Amino acid sequence: TGALASTDNNKAIRVVVTNKAGSDESSATLTVKRIPTVSDPSDATVNEGADAVFTVTGTGDEVTYQWYQGTNTLLNGETGTTLTVENVTYSQNGNQYFIEAASGSGVTATSGKATLTVNPKVVINTDPSDESGNLGSSATFTVSASHYTSIEWTHEGMTGVQATGLSYTVNGLA
């Protein structure tokens, strides 16, 4: 007795049963099925609106696959070794995905979790308003934005960036 090894696959198993009157024998074939294994998917970082792709490799006999999100939310129809999350939104940032590989004999292997990081699109929430002022006075333009890393104001007729914050004031209107 002992653990089954791949070298035991397709081996004949023979039994002989005896008593004082004689013997009888029979045989069967041993099939050794490899238990499933599955690699961990890698984390993915994509821009909002792009597709995120998670891929694993698996081994085993008669293996089926099923992808999950979060702690155990089954993703219907996602039964291959590649999961594509299409047209991701910023609300999906931080979602985690994993896969379960199951053999025909009921043995399962579960991957580690991969995290989706979504770079959000920059959004101007409030456009600057048209401004007017008397000669020699000033006018201030303001913008409201989300998910930005920089803001640059330029002024027609002037060279270069005039301001880098959420507002730009033009002094001494000429």
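Residues numbered from 1 in each chain as written. Predicted model: local features only at pLDDT ≥ 70, side-chain atom pairs only at ≥ 80, totals over all residues. Heavy atoms only, no water.

K.L.:
Help me get a handle on the overall build of the protein, residues and values and all.
P.N.:
Within the protein one finds zero helices and 18 strands. Taking 2.2 N^0.38 as the reference for a compact globule, 174 residues should give roughly 16 Å; the C-alpha atoms of the protein span a radius of gyration of 33 Å, well beyond that estimate. Dimensions of the protein, computed from C-alpha atoms along their principal axes, come out at roughly 125 × 25 × 20 Å. Sorting the 174 residues of the protein into buried and exposed places 24% on the buried side. Look at the contacts in the protein between residues 6 or more apart in sequence, and 52% of them connect residues 24 or more apart. With an accessible surface of roughly 11,600 Å², the protein has 46% of that area assigned to carbon and sulfur atoms. (Helix = DSSP H or I, 4+ residues; strand = E, 2+ residues; numbered from the N terminus. Rg over C-alpha atoms; globule rule 2.2 N^0.38 Å. Buried < 20%, exposed > 50% of the residue type's maximum accessible area, 1.4 Å probe, protein only. Contact = heavy atoms within 4.5 Å. Areas by Shrake-Rupley, 256 points an atom, 1.4 Å probe, with all protein chains shown as cover.)

K.L.:
Report on unusual backbone geometry, specifying residues and quantitative values.
P.N.:
The backbone of N87 shows a phi angle near 45°, a positive value even though the residue is not glycine. Relative to the elements of secondary structure, N87 occurs in the loop between β9 (82-85) and β10 (96-102). For H147, which is not glycine, the phi torsion reads 60° and is therefore positive. Note that H147 resides in the loop between β15 (144-146) and β16 (153-154). You can call H147 partly exposed: its relative accessible area is 40%.

K.L.:
Let's hear about the environment of N95: which residues, and what values?
P.N.:
Relative to the helices and strands, N95 resides in the loop between β9 and β10. Residue classification places N95 among the buried residues on the basis of a relative accessible area of 17%. Note: C-alpha distance between N95 and Q69 (26 residues apart in sequence) is 7.1 Å. Apart from the residues lying within four places of it in its own chain, the contact partners of N95 are Q69, A114, T115 and L116.

K.L.:
Could you give an account of the packing of aromatic side chains, naming the residues involved and the relevant values?
P.N.:
What describes a pair of aromatic rings is the distance from one ring centre to the other and the angle between the planes of the rings. Enumeration over the complete set of coordinates arrives at three aromatic pairs. Both rings, one in F54 and one in Y97, keep their centres 5.1 Å apart while their planes meet at 35°; by these two values the pair is tilted. Placement of the pair is F54 in strand β5 (residues 52-55) and Y97 in strand β10, with a sequence separation of 43 residues. As far as the burial class goes, F54 and Y97 line up, both buried. (Phe/Tyr/Trp six-rings, centres within 6.5 Å; stacked < 30°, edge-to-face > 60°.)

K.L.:
Report on the pattern of salt bridges, specifying residues and quantitative values.
P.N.:
Applying the stated criterion across every chain, the model contains two salt bridges. In this structure, the salt-bridge partner of D61 is R34, at a minimum N-O distance of 3.5 Å. With D61 in the loop between β6 (58-59) and β7 (64-69) and R34 in the loop between β2 (22-30) and β3 (37-38), this pair connects stretches of sequence that are 27 residues apart. (Salt bridge = Lys/Arg side-chain N within 4 Å of Asp/Glu carboxyl O.)

K.L.:
Please provide a residue-by-residue account of the side chain of S103, values included.
P.N.:
Along the chain, S103 turns up in the loop between β10 and β11 (108-110). The exposure class assigned to S103 is buried, which follows from its relative accessible area of 10%. Here S105 takes part through its side chain, which lies 3.0 Å from a polar atom of the side chain of S103. (Polar contact = N/O pair within 3.5 Å; in protein donor to acceptor, adjacent residues only side chain to side chain.)

K.L.:
Explain the pairing of β10 residue by residue, including any values.
P.N.:
Most of β10 is tucked away: five of the seven residues are buried. Direction of pairing for β7 relative to β10: antiparallel, over a ladder of six bridges. In the sheet register, Y65 faces β10, and the bridge partner there is A101. With two bridges connecting them, β10 and strand β12 (residues 114-119) associate as antiparallel partners. Bridge pairing links Q96 to T115 in β12. With antiparallel pairing between neighbouring strands as the criterion, β10 and β11 make up a hairpin whose turn holds five residues, including G106 at a positive phi of roughly 95°. (Pairing = 2+ DSSP bridges.)

Just distances and angles here, no functional claims.
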